[in-house]
Amino acid sequence: MAVVLGLAAGQVPAHAGTITFAPKADSPTGGRFPSWGPGPSPIGMVTADFDGDRVPDIVTADFQGSGPVLMTGKGDGTFNKGVRVADIGIGYGAVSAGDLNGDGKPDLAAQSWVTMSTLLNNGDGTFRKAATYATLEGAQQQVAVLDVDGDGRRDVLSMIPNGVRTWLGKGDGTLAPGPSSTIAGVSAAFTTGRFNADGAVDLAINNDLLQRVEVFTGNGDGGFTRRGTGTSGFITEDIRAGDFDGDGIDDIITADSFSFSTTLLTSDGRGGFSRTHRVLASGFGPTSIAVADFDKDGRLDAAMSAVVSSTMVVFTGKGDGTVAKTGEHPVTFAPQTPVVADYDGDGRTDVAVAGAANAVSFLRNVTS
């Protein structure tokens, strides 16, 4: 492992930035044990204020349990033991949050092998099932809740074997099937962002067969048109959008699991990419990645889970479309899906990550 990683966990190279985190604090999820963790998904945990107390909470998928688990935040970076939000069946490894019925409360969408379900928030941290739809997952499961057609109602995007399907929100928590955006390969992860300047929501899909990221620009009606591509690493398990060069257009950062690398693809503003920046030996088993400005310097940074070494790897953004690995922090066993928020109320963006040992690790941001 030392040969692959190059650094021991927690050790910082000479060119390190100033991003620092305190040692992990673990909270039990209350999920089924033994567990596979959140599941085969780049986004198996989401964060929002689900119970209305103005403290960030988390919902984590429980792949071998009967539905997602809510862990309410205590306001100090730790969480109360998880409570299952609904019994919807096993195999749900992907979750997303957003207001599906227009009442101002964050609801949930979840995906399993062959179904997708919507769960409506009662406002107190409890949920009720709205609807379930038949679908098929891709190489992984993934859902996203957002307004893709500009009508003010939240829609859902879900992974299918060869792309991403749009489900149009009716405003009451139920959905109507919409168009699919397909690739010539197997879809493994997707992200949404702004990859051109027309203001519509755009889509990027990782093609697991051809090892490339494919961009689709939004038509404004829930559909997407295929544009350009960029090369990712070997078996990329997650991609995220973010403006890493400050030009107002989102770029793509990836977690390349089998090549132990991270790739940053700089957008050209027309739905393609102009530059590829790859950080080699960036983590042992990268799975999922989250973006945030951890050091408040106005430039995006990233935090990536490394499932084999059970660490979170931190990348400091340089503001020019490149990042540098600047830290590695031990967390719960086999971490999978990090989320970011100010969990302890100190004004800094922290990291929480779920793993396979029925625990969520909190990394307090202590950057000065």
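Further up the page is the structure itself.
Predicted model, so just to flag it, every value in this text is computed and none were measured.

Analysis parameters
Residues numbered from 1 in each chain as written. Predicted model: local features only at pLDDT ≥ 70, side-chain atom pairs only at ≥ 80, totals over all residues. Heavy atoms only, no water. Helix = DSSP H or I, 4+ residues; strand = E, 2+ residues; numbered from the N terminus. Rg over C-alpha atoms; globule rule 2.2 N^0.38 Å. Buried < 20%, exposed > 50% of the residue type's maximum accessible area, 1.4 Å probe, protein only. Contact = heavy atoms within 4.5 Å. Salt bridge = Lys/Arg side-chain N within 4 Å of Asp/Glu carboxyl O. Lys, Arg positive; Asp, Glu negative; His and termini not counted. Polar contact = N/O pair within 3.5 Å; in protein donor to acceptor, adjacent residues only side chain to side chain. Pairing = 2+ DSSP bridges. Axes fitted to C-alpha atoms, helices over the stretch in contact; angles between N-to-C directions. Core = buried A, V, L, I, M, F, W, Y, C linked by side-chain atoms within 4.5 Å.

A. Broad picture of the overall build of the chain. Each helix and strand in the chain was counted, giving one helix and 28 strands. Taking 21 Å as the expected radius of gyration for a compact globule of 368 residues, we find that the chain reaches 19 Å, a close match to that expectation. Oriented by its inertia axes, the alpha-carbon framework of the chain measures out at about 55 × 45 × 35 Å. Here the chain holds 368 residues, and the buried ones make up 60% of them. Pairs at least 24 residues apart make up 48% of the contacts formed inside the chain by residues separated by at least 6 positions.

B. Main features of the pattern of salt bridges. In total, this model carries twelve salt bridges according to the counting rule given. Across the pair arginine 84 and aspartate 62 runs a salt bridge whose closest N-O atoms are separated by 3.1 Å. Taken together, the residues arginine 84 in strand 5 (residues 83-84) and aspartate 62 in the loop between strand 3 (57-60) and strand 4 (69-71) connect sequence positions 22 residues apart. Residue arginine 84 is classed as partly exposed on the basis of its relative accessible area, which comes to 28%. We classify aspartate 62 as buried; its relative accessible area is 4%. A salt bridge links aspartate 268 to arginine 270; the shortest N-O distance between them is 3.5 Å. Here arginine 270 falls in the exposed class, since its relative accessible area comes to 62%. One salt-bridge network, in which partners are shared between bridges, spans Arg212, Glu214 and Arg226.

C. How the structure looks around the side chain of aspartate 250. Considering the arrangement of structural elements, one finds aspartate 250 in the loop between strand 18 (236-242) and strand 19 (251-256). No salt bridge forms around the buried aspartate 250; measuring N to O, its nearest opposite-charge neighbour arginine 194 is 6.2 Å away. Of note is the side chain of aspartate 250, whose polar atom sits 3.4 Å from the backbone nitrogen of aspartate 243. Sequence-distant contacts of aspartate 250, defined by excluding residues within four places in its chain, comprise Gly193, Arg194, Phe195, Ala241, Gly242, Asp243 and Ser267.

D. A look at the sheet that holds strand 24 (residues 311-317). Reading across from one edge, 22-23-24-25 is the order of the four strands in this open sheet, with antiparallel pairing throughout. Where the open sheet ends on each side, the last strands, each with one partner, are strand 22 (286-292) and strand 25 (323-330). Each strand of the sheet is rotated relative to its neighbour by a mean of 25°, with strand direction disregarded. Across five bridges, strand 23 (residues 301-306) lies against strand 24 in antiparallel orientation. What sits directly across from methionine 304, in strand 24, is valine 313.

E. Quick peek at unusual backbone geometry. Even without being a glycine, phenylalanine 260 presents a positive backbone phi close to 55°. Within the secondary structure layout, phenylalanine 260 lies in the loop between strand 19 and strand 20 (261-267). Classification of phenylalanine 260 as partly exposed rests on a relative accessible area of 26%. In this structure, alanine 281 takes a positive phi of about 50° despite not being glycine. In this fold, alanine 281 is placed in the loop between strand 21 (273-279) and strand 22.

F. Expanded view of the nonpolar core. Counting 16 residues, the largest nonpolar core has Val46, Phe50, Val85, Leu108 and Leu119 as its most contacted members. Elements that contribute at least two residues to this core include exactly strand 2 (45-48) and strand 7 (107-111). Apart from the residues within four sequence positions on either side, phenylalanine 50 is in contact with Asp57, Ile58, Val59, Leu70, Ala97, Pro106, Leu108, Asn121, Gly123, Asp124, Gly125 and Phe127. One finds Ala144, Phe190, Val201 and Phe224 within the second-largest nonpolar core, a separate group that totals 13 residues.

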